[in-house]
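One letter stands for each residue in the lines below.
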Amino acid sequence: MNRATAIAPANIAFTKFWGWRDEALTLPFHDTVSMTLSACTTRTTVIESGGDEIVLLDASGRERPAGESFRRRVSAHLDFLRGLASPGGGGAAPVGRGPGLRVVTRNAMPMGTGIASSASGFAALTVAGCAVLGIGNVDERTLSILARRSGSGSASRSIPGGFVRWHAGARADGADSFSESLHAPDHWALADTIAVVATEPKQVASREGHRAAPTSPLFAARLAAMEGRNRRVIAALAARDLDALGPLLEIEALELHRIAETSAEPARYRNAATDLVLERVARLREEGVGVWFTLDAGPNVHLMSLADDVPRIERALHGIAAVVAVHVNLAAPGARLVEDHLA
Ligand code: PMV
């Protein structure tokens, strides 16, 4: 049986991808830096089969209904990969060309907790899909470009391990927009303690947010600031300097949300529970704990600290009723093929 299985980690952005330079090729305006997440992984098996089928499993292995837009995005990425695999390939395959593929995918994090799984999901699908389709010459750089083409640009940062930089690149065809490891996972015992405060899917999808971002009056100032901010983030990471990194993480998160709130399609991703956690983070710092927050396009809070401080942070979060789950992550290895297949 021709099948392959890959595991890929989710990642948390230190500097955020928000806004497309090119929507069709999923190209960003500026570089971004992230950390892969050890507890938030996706395992995906792709099997050559009579036709296409997508099976979604939850953390305990039970089958769950896969939403229509998820199915469409997975099918489109399979068509893209089949297009590359076909003789003389280099573009999206017409529907129906190439082998049918059965995809079975399972997230390690509980589903429906609002923790983004598209980055880990599309990175795992890319690695397993390339293996099954026999797409050759796929080094890490190429895989990160192919994962980016899924439409979830942050999937590019889930291919390398540890602490990762996605280069925006300058070429119109996106051939230089790839991700690479800045440091291996053991470079720094930095922890991301995720405080889950909402379990409903967000009201405004990231796609809409990317599209609307440039309409915010704050967007031009952000673009002008990003080169210097990325430089400072990369230097703080290299020096393992959390006092330097922490404030930059918070500025990035707040700026992302402020841009979403002030765009032509205003979106509010935070809620009252988010603000409660943010206040607790500020108080923990007053109490002497080195902890800073970051946010994605959603209400859950990522509390960044040294691993040694996690027990103290977990205790503080357990005192907030609105926090329904806590997931602790360290930096993780990148996407890779594995032998324990899901089907
Ligand atoms: O990669 P996408 O299209 O799912 O967008 C990611 C957007 C953020 O998570 C908010 C930021 C980021 O860089 O991960």
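That block above? That's the structure.
Residues numbered from 1 in each chain as written. Predicted model: local features only at pLDDT ≥ 70, side-chain atom pairs only at ≥ 80, totals over all residues. Heavy atoms only, no water.

## Re the site of the ligand
Here comes step 1: Among the 14 residues in the neighbourhood of the ligand, the closest are listed as Phe17, Gly153, Ser154, Arg157 and His210.
Here comes step 2: Here Ser152 contributes a side-chain N or O atom positioned 3.4 Å from an oxygen atom of the ligand.
Here comes step 3: In the environment of the ligand, an oxygen atom lies 2.7 Å from a nitrogen or oxygen atom belonging to the side chain of Ser154.
Here comes step 4: Coverage of the ligand by the protein chains reaches 91% of its 380 Å² of free accessible surface. (Near = heavy atom within 4 Å. Polar contact = N/O pair within 3.5 Å; in protein donor to acceptor, adjacent residues only side chain to side chain. Areas by Shrake-Rupley, 256 points an atom, 1.4 Å probe, with all protein chains shown as cover.)

## Notes on the packing of aromatic side chains
Here comes step 1: Counted under the stated rule, the structure contains 3 aromatic pairs.
Here comes step 2: With a centroid separation of 6.1 Å and an interplanar angle of 85 degrees, the aromatic rings of Trp18 and Tyr269 are classed as edge-to-face. Of this pair, Trp18 sits in the loop between β1 (3-13) and β2 (20-22) while Tyr269 sits in the loop between α6 (242-261) and α7 (272-286), and the two are 251 residues apart along the sequence. Like Trp18, the residue Tyr269 is buried in the burial classification.
Here comes step 3: Across from the ring centre of Phe178, 3.9 Å away, lies the NZ or CZ of Arg141, which sits over that ring. (Phe/Tyr/Trp six-rings, centres within 6.5 Å; stacked < 30°, edge-to-face > 60°. Helix = DSSP H or I, 4+ residues; strand = E, 2+ residues; numbered from the N terminus. Buried < 20%, exposed > 50% of the residue type's maximum accessible area, 1.4 Å probe, protein only. Lys NZ or Arg CZ within 6 Å of the ring centre and 35° of its normal.)

## Points about the side chain of His302
Here comes step 1: Structurally, the position occupied by His302 is in strand β12 (residues 301-306).
Here comes step 2: Taking relative accessible area as the criterion, His302 reaches 7% and is therefore assigned buried.
Here comes step 3: Here Asp192 takes part through its side chain, which lies 2.7 Å from a polar atom of the side chain of His302.
Here comes step 4: In contact with His302, not counting residues within four places along its chain, are Ile12, Asp192, Thr193, Ile194, Trp292, Phe293 and Thr294. (Contact = heavy atoms within 4.5 Å.)

## So, the pattern of salt bridges
Here comes step 1: Counted under the stated rule, the structure contains 22 salt bridges.
Here comes step 2: With a closest N to O distance of 2.5 Å, Glu252 and Arg229 form a salt bridge. Here the residue Glu252 occupies a position in helix α6, and Arg229 occupies one in helix α5 (residues 219-238), the gap between them amounting to 23 residues.
Here comes step 3: Assessed through its relative accessible area of 0%, Glu252 is described here as buried.
Here comes step 4: We classify Arg229 as buried; its relative accessible area is 8%.
Here comes step 5: By sharing partners, the salt bridges in this structure join Arg222, Arg229, Glu252 and Glu255 into a single network. (Salt bridge = Lys/Arg side-chain N within 4 Å of Asp/Glu carboxyl O.)

## A look at α5
Here comes step 1: Over its 20 residues, α5 extends 28 Å from the first C-alpha to the last, a length consistent with the 28 Å expected when each residue adds 1.5 Å.
Here comes step 2: In α5, a bend of some 45 degrees at Met226 exceeds every other bend along the element.
Here comes step 3: Tucked inside the fold, the buried residues of α5 contact β4 (32-49), β8 (163-166), β9 (179-183) and α6.
Here comes step 4: Count one or two residues on from α5 and you reach Arg240, which has phi positive near 50 degrees. (Expected span 1.5 Å × (residues − 1). Bend = angle between axes of the 7 residues up to and from the residue.)

## Details of the pairing of strand β10 (residues 190-196)
Here comes step 1: In terms of residue burial, β10 counts as a mostly covered element, since 7 of its 7 residues are buried.
Here comes step 2: With burial as the criterion, each face of β10 is covered, one bearing Leu190, Asp192, Ile194 and Val196 and the other bearing Ala191, Thr193 and Ala195.
Here comes step 3: As defined by bridge partners, β10 adjoins β12 across 6 bridges and the pair is classed as antiparallel. Bridge pairing in β12 places Leu190 opposite Leu306.
Here comes step 4: Alignment of β10 against strand β13 (residues 325-329), held across 5 bridges, turns out to be antiparallel. Bridging from a neighbouring strand, Val196 pairs with Ala325 of β13. (Pairing = 2+ DSSP bridges.)

## Notes on the packing of helix α1 (residues 68-85) against helix α2 (residues 118-133)
Here comes step 1: α2 packs onto α1 with a crossing angle of 35 degrees between their chain directions and a minimal axis gap of 10 Å. The handedness of the crossing between α1 and α2 comes out as right-handed. Here Arg73, Val74, His77, Leu78, Leu81, Arg82 and Ala85 of α1 come into contact with α2, specifically with Phe122, Leu125, Thr126, Gly129, Cys130 and Leu133.
Here comes step 2: Taken together, the residues of the contact of α1 with α2 break down into 8 nonpolar, 3 polar and 2 charged. (Axes fitted to C-alpha atoms, helices over the stretch in contact; angles between N-to-C directions. Left-handed = near helix turned anticlockwise from the far one by under 90°. Nonpolar A, V, L, I, M, F, W, Y, C, P; charged D, E, K, R; others polar.)

## Let's talk about the environment of Leu27
Here comes step 1: Note on placement: Leu27 falls in strand β3 (residues 27-28).
Here comes step 2: Taking C-alpha positions, Leu27 is 9.5 Å from Ala170, a pair spaced 143 residues apart along the chain.
Here comes step 3: Contacts of Leu27, omitting those with residues within four sequence positions, involve Gly19, Trp20, Arg21, Asp22, Arg148, Arg171, Ala172, Gly174 and Ser177.

By themselves, these observations are geometric and do not establish any function.
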